[in-house]
Every structure is written in C-alpha cells, then in structure tokens.
Amino acid sequence: MIQVWINFDDADNATALIAQLEKALSADATLHGFVIVTDESRKPELQKWAAEVKPEKTALTYLSVGVKGKVSNDYRIGEARNVVIVSRNKTALASFEDLSAAEFSKAIAALNAVK
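Residues numbered from 1 in each chain as written. Predicted model: local features only at pLDDT ≥ 70, side-chain atom pairs only at ≥ 80, totals over all residues. Heavy atoms only, no water.

Novice: For this particular structure, what's the right way to read the overall build of the protein?
Specialist: Within the protein one finds 4 helices and 5 strands. If you list the helices and strands of the protein from N to C, you get β-α-β-α-β-α-β-β-α. Burial status across the protein gives 41% buried among its 115 residues. Of the roughly 6400 Å² of accessible surface on the protein, a fraction of 52% belongs to carbon and sulfur atoms. (Helix = DSSP H or I, 4+ residues; strand = E, 2+ residues; numbered from the N terminus. Buried < 20%, exposed > 50% of the residue type's maximum accessible area, 1.4 Å probe, protein only. Areas by Shrake-Rupley, 256 points an atom, 1.4 Å probe, with all protein chains shown as cover.)

Novice: Is there a simple way to explain the pattern of salt bridges in this structure?
Specialist: Under the criterion given, the structure shown has 5 salt bridges. Put simply, R81 and D9 hold a salt bridge, and the shortest N to O gap is 2.9 Å. On the criterion of sequence distance, the pair formed by R81 in the loop between α3 (65-74) and β4 (82-88) and D9 in the loop between β1 (2-6) and α1 (11-27) is long-range, its members being 72 residues apart. Given the relative accessible area of 30%, R81 is considered partly exposed. Residue classification places D9 among the buried residues on the basis of a relative accessible area of 1%. Close ionic contact of R42 with E45 constitutes a salt bridge, the shortest N to O distance being 2.8 Å. According to the relative accessible area criterion, R42 is buried, its value standing at 10%. If you follow the salt bridges from partner to partner, you end up with D9, R81 and D98 in one network. (Salt bridge = Lys/Arg side-chain N within 4 Å of Asp/Glu carboxyl O.)

Novice: What is the right way to read the layout of surface pockets from this model?
Specialist: Over the atoms, a rolling probe the size of a water molecule traces out where space has been left empty. Its boundaries defined by the atoms lining it, the largest pocket holds a volume of some 160 Å³. Lining the largest pocket are M1, D28, T30, L31, H32, S87, R88, N89, K90 and L111. Tallied by class, the residues present in the lining of the largest pocket amount to 3 nonpolar, 4 polar and 3 charged. (1 Å grid on protein atoms, 1.4 Å probe; cavity = no way out; pocket = protein on both sides within 12 Å on 5 of 7 lines; lining within 4 Å. Points joined across faces, edges and corners; volume = space filled by probe spheres on them. Nonpolar A, V, L, I, M, F, W, Y, C, P; charged D, E, K, R; others polar.)

Novice: What exactly am I supposed to notice about helix α2 (residues 43-53) here?
Specialist: At 3.6 residues per turn, the α-helix brings residues three or four places apart onto the same side. Along α2, the positions that sit buried rather than exposed are L46, W49 and V53. Mapping the buried residues of α2 onto a view down its axis gives an arc of 60 degrees, with all of them on the same face. Along α2, the residues that are exposed and aim more than 90 degrees away from the buried face are P44 and K48. Packed against the buried residues of α2 are β1, α1, β2 (33-37) and β3 (59-62). (Arc of directions from axis to C-beta. Contact = heavy atoms within 4.5 Å.)

Novice: What am I meant to see in α1 here?
Specialist: Its 17 residues place the ends of α1 24 Å apart at the C-alpha level, agreeing with the 24 Å of an ideal helix rising 1.5 Å per residue. Restricting attention to buried positions, one finds in α1 the residues N13, A14, T15, L17, I18, L21, E22, A24 and L25. You can read the cap of α1 off the contacts: a side-chain oxygen lies 3.1 Å from the backbone nitrogen of D12, and it is on D10. (Expected span 1.5 Å × (residues − 1). Polar contact = N/O pair within 3.5 Å; in protein donor to acceptor, adjacent residues only side chain to side chain.)

Novice: Whenever I open this one, the sheet that holds β1 confuses me. Can you help?
Specialist: Two pairing modes exist for strands in a sheet, parallel and antiparallel, and in both the strands are linked by backbone hydrogen bonds. Within the open sheet, the 5 strands sit side by side as β3-β2-β1-β4-β5. Their pairing is mixed. Each edge of the open sheet is held by one strand with a lone partner, namely β3 and β5 (91-97). Pairs of neighbouring strands in the sheet enclose a mean axial angle of 15 degrees, with direction left out of account. Looking at chain direction, β2 and β3 are connected through 4 bridges and run parallel. Bridge pairing links V37 to Y62 in β3. (Pairing = 2+ DSSP bridges. Axes fitted to C-alpha atoms, helices over the stretch in contact; angles between N-to-C directions.)

The following block contains the structure:
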C-alpha cells in the first residue's frame, strides 16, 4: 500500500504525485493506494487534481477539520509538504517526507524490496 499525504505541497507536485501513484497502481493489481489531503479547505484543489489526472485506481480524500490534528500527529505529518508511507501487510516499510514526483520511484523501490 502507498499512502500519499498532501499537507502543504504545491499543486504541480501534488498532481504529479497522484499521477505517479495511479501509474503504479495500474501496473500492479495487488497494490492499493490513496491520497489524503490534510486540510479540508483544499478540497477544491483536490477536485481539480482529480479532474486533471482522472484516477481510476487511486482513492482520493481529505481530512475534516475535527480530525486533522489527531491524524497528523499519529502519522507524524508535521510541517512536511507531503509524506509518502509505503507498507505491506500492515507494516510500514518506508516513509518519505517532501518527496517530489520525480523521486516517486523511491517509494516503489521500497515496496519492491520486500516482495
């Protein structure tokens, strides 16, 4: 599973990360992934990104105001622009902060290292 948490990331990188995740999910039917925007006020941006990428395999969601602080603390999102968490069988394998879309292959490599 690949989780992409969008915190303060810019629109271009966020859109590209969604596209990279969608590409990875399309290539591996056993892989699951989703994108979570940590700020409900960015919902219109999330909708725009979805319209641009048109994901079919990637789940997209946002955190409501009431849960943002707790979830951000639990997942150690902090002040990162984004956090990408790679896991298999409910075990976190790797976590990347401020990952650019050009570096997304690091997440795939971490996932493939334990196949």
